[in-house]
Structure formats: C-alpha cells, structure tokens
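Inside the fold
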Amino acid sequence: MFFGKKKRTIVRLLVVEDEPLIAFDTEHLLTDRGYDVVATVDRVAAAIALLEEGVKIDLVLVDMHLADGSGIDVARTAHGNGVPVMFVTGNFSVEAEHFGVACLEKPYHQRDLLSAIEVIEAKLSGRKIGKLPGGFRLLGQA
C-alpha cells in the first residue's frame, strides 16, 4: 500500500490584497507549498474582472478593505460564480458573512493560513474538520 499526499481540491487561488508586502509573502508562501496562484491583484475591479472572465479559481483570499473599494464586492461576485471566499482581514464586517466560507484574522502566522485553507477544503469536501487555526473562523455559508 502506498502512502502519499491526498489530492487537493483547492489548488488554484486568487489573492486580493493591496498591501504589497503581505501580497508578496502570501503569493510566495502559497506557490512554495504547491498552490497555483492564478493572480495576485490589489484592486476590486481587477479581481472581479478575473472572476467574470471565468478563470478557474478554487478559492479567493480577499482583504476586507482595499484601496479602490470593499472586498465584499469581490466576495459577492465570487459567490455568484460558485467560487468560495476566505476573508483575510483585521476588520471583518458581519455584512460579509453571506458571501464567504471563512475568515482569517490579520495578523496571522503563515502556518495558520495554510491550515485555514486545509480546513476550508475539508469543509467543502464534507470531511471531518480538525482543530481550527488561531484567528480563524468558519462562516455560516458553505
């Protein structure tokens, strides 16, 4: 019997973050761990354009407050296209709960970001969810 890694269902990620250092670190970490970062954008309009073009995205990581608007607008479009969203923010708004599957509070440890993605994958796949990472919570919508 072979023991190997489980095949991921979340592979292609869209990162929406307007803080350059956080965006760079996030993209580097995820790419290093075998995820395919479809794009890292800093504008609501750019994220929405990608989502509306039908680019295959398995999960959107979006900050709540962006330079040109609200991450809620990105999440609303993603939700409408059947793409799950994790808010990664220090200022979560309850208004966003209907459009996301989870929220990871900033600042966070890199391992917590990776664990959060694994928890979302387990939730969406109907698998048992283990211990939640620090600063992370699942939202009511699935």
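Only a predicted model underlies this, so the values are computations on that prediction, with no experimental measurement involved.

Regarding the pairing of strand β2 (residues 36-41)
Strand direction decides the pairing type here: strand β1 (residues 12-16) and β2, joined by five bridges, are parallel. Directly across from Leu13, in β2, lies its bridge partner Val37. Of the crossover connections in this fold, the one passing from β1 over helix α1 (residues 20-32) to the parallel β2 is right-handed.

Re the packing of aromatic side chains
How two aromatic rings sit relative to each other is given by the distance of their centres and the angle of their planes. Applying the stated criterion across every chain, the model contains one aromatic pair. Ring geometry for Phe87 versus Phe92: centroids 5.6 Å apart, planes at 70°, classification edge-to-face. The exposure class of Phe87 is buried, given its relative accessible area of 0%. The exposure class assigned to Phe92 is partly exposed, which follows from its relative accessible area of 23%.

Brief notes about the nonpolar core
If you look at the biggest cluster of nonpolar residues, it comprises 25 residues, and the most contacted ones within it are Leu14, Val16, Leu51, Val60, Val62, Val74 and Phe87. Of all the elements in the fold, those that place two or more residues in this core are β1, β2, α2 (44-53), β3 (59-62), α3 (71-80) and β6 (85-89). In terms of residue count, α2 provides more of this core than any other element does, five residues in total. Formed by 21 residues, the second largest nonpolar core is a distinct cluster that contains Leu104, Leu113, Ile117 and Ile120.

Description of α2
Of all the residues in α2, the buried ones are Val44, Ala47, Ile48, Leu50 and Leu51. Taken around the axis of α2, the buried residues stretch over an arc of 160°, which confines them to a single face. In this structure, α2 carries Ala45, Glu52 and Glu53 as exposed residues pointing more than 90 degrees from its buried face. In this structure, the buried side of α2 is in contact with β1, β2, β3, β4 (65-66), β5 (69-70) and α3. One or two positions beyond α2, positive phi appears at Gly54, with a value near 85°.

Things to note about the pairing of strand β7 (residues 102-105)
Both β6 and β7 contribute to a ladder of four bridges, which runs parallel. Counted as the bridge partner of Val88 is Leu104 from β7. Examined bridge by bridge, β7 and strand β8 (residues 136-138) share three bridges and lie antiparallel to one another. Each residue of the ladder has a partner; that of Ala102, found in β8, is Leu138.

Things to note about the packing of α1 against helix α4 (residues 110-125)
Orientation of α1 relative to α4, taken along the N-to-C sense of each, is 60°, at an axis distance of 11 Å. Judged by the inter-axis angle, α1 sits oblique to α4. Note on packing geometry: the crossing formed by α1 with α4 is right-handed. Touching Asp25, Thr26, Leu29 and Leu30 of α1 are Gln110, Leu113, Leu114 and Ile117, all from α4. Partitioning the contact of α1 with α4 into residue classes produces five nonpolar, two polar and one charged.

Definitions and cut-offs
- Residues numbered from 1 in each chain as written.
- Predicted model: local features only at pLDDT ≥ 70, side-chain atom pairs only at ≥ 80, totals over all residues.
- Heavy atoms only, no water.
- Pairing = 2+ DSSP bridges.
- Helix = DSSP H or I, 4+ residues; strand = E, 2+ residues; numbered from the N terminus.
- Right-handed = clockwise from strand over helix to strand, strands pointing away.
- Phe/Tyr/Trp six-rings, centres within 6.5 Å; stacked < 30°, edge-to-face > 60°.
- Buried < 20%, exposed > 50% of the residue type's maximum accessible area, 1.4 Å probe, protein only.
- Core = buried A, V, L, I, M, F, W, Y, C linked by side-chain atoms within 4.5 Å.
- Arc of directions from axis to C-beta.
- Contact = heavy atoms within 4.5 Å.
- Axes fitted to C-alpha atoms, helices over the stretch in contact; angles between N-to-C directions.
- Parallel < 35°, antiparallel > 145°, perpendicular 65-115°, else oblique.
- Left-handed = near helix turned anticlockwise from the far one by under 90°.
- Nonpolar A, V, L, I, M, F, W, Y, C, P; charged D, E, K, R; others polar.

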